[in-house]
Protein chains: 2
Amino acid sequence: MKLRRDIAYWIATVALVICASVYAQTADPLPSWNDGSTKQSIVSFVRGTTDMSDRRFVPPAERIAVFDNDGTLWAEQPMYTQLAFALDRVKALAPSHPEWRTEMPFSAVLKDDVKAFEAAGDRGLEQVIFATHTGMTPDEFTKNVNEWLSGARHPRFNRLYTDLVYQPMIELLAYLRANGFKTYIVTGGTVEFVRAWSDRVYGIPPEQVVGTTFVTKYTVPNAHPTLTRKPEVDFVDEGPGKPEAIQRFIGRRPIFAVGNSDGDQQMLEWTAGLSGARFVALVHHTDAEREWAYDRSSRIGRLDKALDEATAGRWTVIDMKRDWRRVFAFETAN
Amino acid sequence: MKLRRDIAYWIATVALVICASVYAQTADPLPSWNDGSTKQSIVSFVRGTTDMSDRRFVPPAERIAVFDNDGTLWAEQPMYTQLAFALDRVKALAPSHPEWRTEMPFSAVLKDDVKAFEAAGDRGLEQVIFATHTGMTPDEFTKNVNEWLSGARHPRFNRLYTDLVYQPMIELLAYLRANGFKTYIVTGGTVEFVRAWSDRVYGIPPEQVVGTTFVTKYTVPNAHPTLTRKPEVDFVDEGPGKPEAIQRFIGRRPIFAVGNSDGDQQMLEWTAGLSGARFVALVHHTDAEREWAYDRSSRIGRLDKALDEATAGRWTVIDMKRDWRRVFAFETAN
């Protein structure tokens, strides 16, 4: 009886697999990308690296794809989402910190005094980040992030921040995974901020998110094993830190990399420098109407040297305005 | 035509899957384990956590299993394999370092003067490790390790070091993976020493090996992107470092953990402290005949406090002599 049930189960499975297989051969895996050289180059790369008869073939285990997060997978304007979280969190915590009413930079945050907060510089930023991101367990932090994400609204679009992910990139991630690629995020943001929702939003599990880390200490108070996030940066996953972190965490050289700013330059160089098949691309924010247009002079997501290197190194430049039929899933399809 | 070929392909696949499924229901997945409470507790845990109708059920994504390496997955006597590699490597590099003939601790290593080398203490050990493990790219180091492993012989068994892996643990790793667990190594050894061969020997890919790391720097000499291993320890993955590294690298709390020494105590505690289903075990080296017998007073792999905690916390103790029908694959099956 067990065997008969198994056979029925597997026949159903096979029917599904055949349907999926037929569908996969006809459906466009990247419907939010306009037809053109960018989309073509992606599809050609994926077909070549997954076709055993192609000289570009890469065994599944080596199909490592890395993506920056802010400005590459979701919007980063008018401020990094993680900073928006930190500022809101200062306000939420203020009742238990009466001293913040007069203490910089917290007083500036509580009064929405952007100028004064910015005047506090990197040290002010660090104080706000430490006060809102450390001193708790990783689980407590994850809970804070997800509670905030479930309610906070983006100032321009009046949408949840997780609605501000780029639909073409969601399709690209799924397309790569369907072709045996392992997709990673390599973010300059702190790793646990992104891990809190990366699986739900991108289909990328926590163990495939690499990022900036805080020193985290293990202790056993009252026989209760505990990890605590300390107000001390352990590693900054930005610039040359990105290839260094890729080596430390993944231990393989990626064959596919996408970024959008000078902070991604070294990760893209490292991928481009590999002999054999590799795909290296920059998202260029060129669409002020649907998203934003910024590059060389932007304070957030500055894209200057990496844009020059893209041209010199023949990296793919994803032109948001030209290449993306749709930027966000909530747009009316056209 | 394409569709017809696909159908033929999937029918063949289904036939295979049915065979595999029938086989899996009858074959013992752990043939090198003696029947008894240890084997029973493993099988019961895996059945419970993978059965949706069992209160112990754990979704596949959360089935994280972590294993120490030295003394847990392969032999660590009479010295850690990584140290044997380092000492041999000093001899291989000696022709380009004439100064080593008179310079401690290298002169002691070249003369096989164990006493003098040990007298040089931790600082001497560090010098030998830095001289043999850093100053090159990760790829060069991987090549060095694999060249050595292909020829070096274990002094007692006159076998390749990679033959000294424990067959029961190889079966356990495969059994867990066949049940949707993601298997990780969390080693006190340096991560790239283990990554060099973990996939080939354990079926664990480099990105699932966590370990002690050296500072590794990214530079671009002559337009050639390069990572270089520096003679500076970045992170020591031992003791409390193990749960800390699990959080940093994996970002999930394991539900299955096996170690063999006091250096694994915190990793086991961290796993045991989880509410809900978890399996925590120590390999106890009790078999001087087939392997070694050592615990509380051993210099290598000392098992003292963790053994007390195992008793108090009701962790599983894997008694090598009692629980393993076969220790190494090369033994004649009995």
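Predicted model, so just to flag it, every value in this text is computed and none were measured.

Our next topic: the environment of E140(B). Position of E140(B) among the secondary structure elements: in helix α7 (residues 138-149). Sequence separation between E140(B) and R326(B) is 186 residues; the distance between their C-alpha atoms is 36 Å.

It is worth spelling out the confidence of the model for chain A at this point. The share of residues in chain A with pLDDT of 70 or more is 92%, and the mean pLDDT across the chain is 94. Interface scoring of the predicted complex returns ipTM 0.91; its pTM is 0.92.

Right, let's get into the packing of helix α12 (residues 265-272) of chain A against helix α13 (residues 305-313) of chain A. All names here are of chain A. Between α12 and α13, whose axes approach to 10 Å, the crossing angle comes to 20°. By the angle between their axes, α12 is roughly parallel relative to α13. Read as a crossing pair, α12 and α13 show a hand that is left-handed. Judged by residue contacts, Q265, L268, E269 and A272 of α12 engage K305, A306, E309 and G313 from α13.

The subject of this paragraph is the pairing of strand β5 (residues 256-259) of chain B. All names here are of chain B. Residues of β5 alternate between two faces, with F256 and V258 on one and A257 and G259 on the opposite face, all of them buried. The pairing of strand β1 (residues 64-67) with β5 spans three bridges and is classified as parallel. Pairing of A65 across the sheet is with F256, part of β5. Here β5 pairs with strand β6 (residues 279-286) via four bridges, running parallel. Bridging from a neighbouring strand, V258 pairs with A281 of β6. Between the parallel elements β5 and β6, the chain passes through helix α12 (residues 265-272) in a crossover that is right-handed.

This brings us to unusual backbone geometry. The general pattern is negative phi for most residues beyond glycine and trans for most peptide bonds. Geometrically, the link from M104(A) to P105(A) is a cis peptide bond, its omega value of 0° lying close to zero. Mapped onto the secondary structure, P105(A) falls in the loop between α3 (81-93) and α4 (106-110). Going from Q77(B) to P78(B), the amide bond is cis rather than trans, its omega being -5°. One can find P78(B) in the loop between β1 and α3 (81-93). Even without a glycine there, the phi angle at A223(A) is positive, about 60°. Here A223(A) is to be found in the loop between β3 (209-219) and β4 (226-235).

A separate point is helix α2 (residues 37-50) of chain A. Residue and element names in this part refer to chain A. A rise of 1.5 Å per residue sets the reference length of α2, with its 14 residues, at 20 Å; its end C-alpha atoms lie 20 Å apart and thus fit the reference within 8%. Of the positions making up α2, those classed as buried are T38, K39, I42, F45, V46 and T49. For α2, the angular spread of buried residues about the axis comes to 130°, placing them on one side. Of the residues in α2, the exposed ones pointing more than 90 degrees away from the buried face are S37, Q40 and R47.

Okay, the domain arrangement of chain A next. All names here are of chain A. Domain boundaries assigned for chain A yield domain 1 (30-77 + 164-323) and domain 2 (81-149). Taken over C-alpha atoms, the centre of domain 1 sits 27 Å from the centre of domain 2. Tallying the contact residues gives 13 residues for domain 1 and 13 residues for domain 2. Secondary-structure elements contributing two or more residues to the side of domain 1 that touches domain 2 are β2 (182-190), α9 (191-195) and β4. Of the residues assigned to the side of domain 1 that touches domain 2, the class counts are six nonpolar, four polar and three charged.

Residues and elements named next belong to chain A. As a packed pair, α3 and helix α6 (residues 121-133) sit with axes 9 Å apart at the nearest point and diverge in direction by 70°. Comparing the axis directions of α3 and α6 gives the class roughly perpendicular. With respect to the hand of their crossing, α3 and α6 are arranged in left-handed fashion. On α6, the residues touching A86, R89 and V90 of α3 are V128, I129, A131, T132 and H133. Each residue belonging to the contact of α3 with α6 can be placed in one class, and the counts come to five nonpolar, two polar and one charged.

Calculation notes
- The residue numbering used here restarts from 1 in each chain and proceeds along that chain's sequence as written.
- For naming, the first written chain is A and the first written ligand is 1, with later ones following in the order written.
- Local features in this predicted model are restricted to residues whose pLDDT is 70 or higher, and side-chain atom pairs enter the listing and the counts only when it is 80 or higher, whereas totals over whole chains, interfaces and linings include all residues.
- Strands here are runs of E lasting at least two residues and helices are runs of H or I lasting at least four, both read from the DSSP assignment and numbered beginning at the N terminus.
- Known as pLDDT, the predictor's confidence for each residue is given on a scale from 0 to 100.
- Here, axes are lines fitted to C-alpha atoms. For helices the fit covers the stretch in contact, and angles between N-to-C directions go from 0 to 180 degrees.
- Oblique is the label for any angle not covered by the other classes, which are roughly parallel (under 35 degrees), roughly antiparallel (over 145) and roughly perpendicular (65 to 115).
- Crossings are sorted by hand: turned counterclockwise from the far helix by less than a right angle, the near helix makes the crossing left-handed, and turned clockwise it makes it right-handed.
- Note on contacts: residues are paired as contacts if their backbone-placed C-beta atoms lie within 7 Å.
- To sort residues by burial, count the other C-beta atoms lying within 10 Å of each one's C-beta; a count of 20 or more means buried, 12 or fewer means exposed, and anything in between means partly exposed. C-beta atoms are built from the backbone.
- By definition, two strands form a pair when at least two bridges between them are found by DSSP.
- Think of it like this: strands point away, you trace from the first strand over the helix to the second, and a clockwise trace means the crossover is right-handed.
- Helix span, expected: 1.5 Å multiplied by one less than the number of residues in the helix.
- For this quantity, the arc is that covered by the directions from the helix axis to the C-beta atoms.
- Residue ranges labeled as domains rest on an automatic or database domain assignment.
- Throughout, the ten residues Ala, Val, Leu, Ile, Met, Phe, Trp, Tyr, Cys and Pro are labelled nonpolar, Asp, Glu, Lys and Arg are labelled charged, and all others, Gly among them, are labelled polar.

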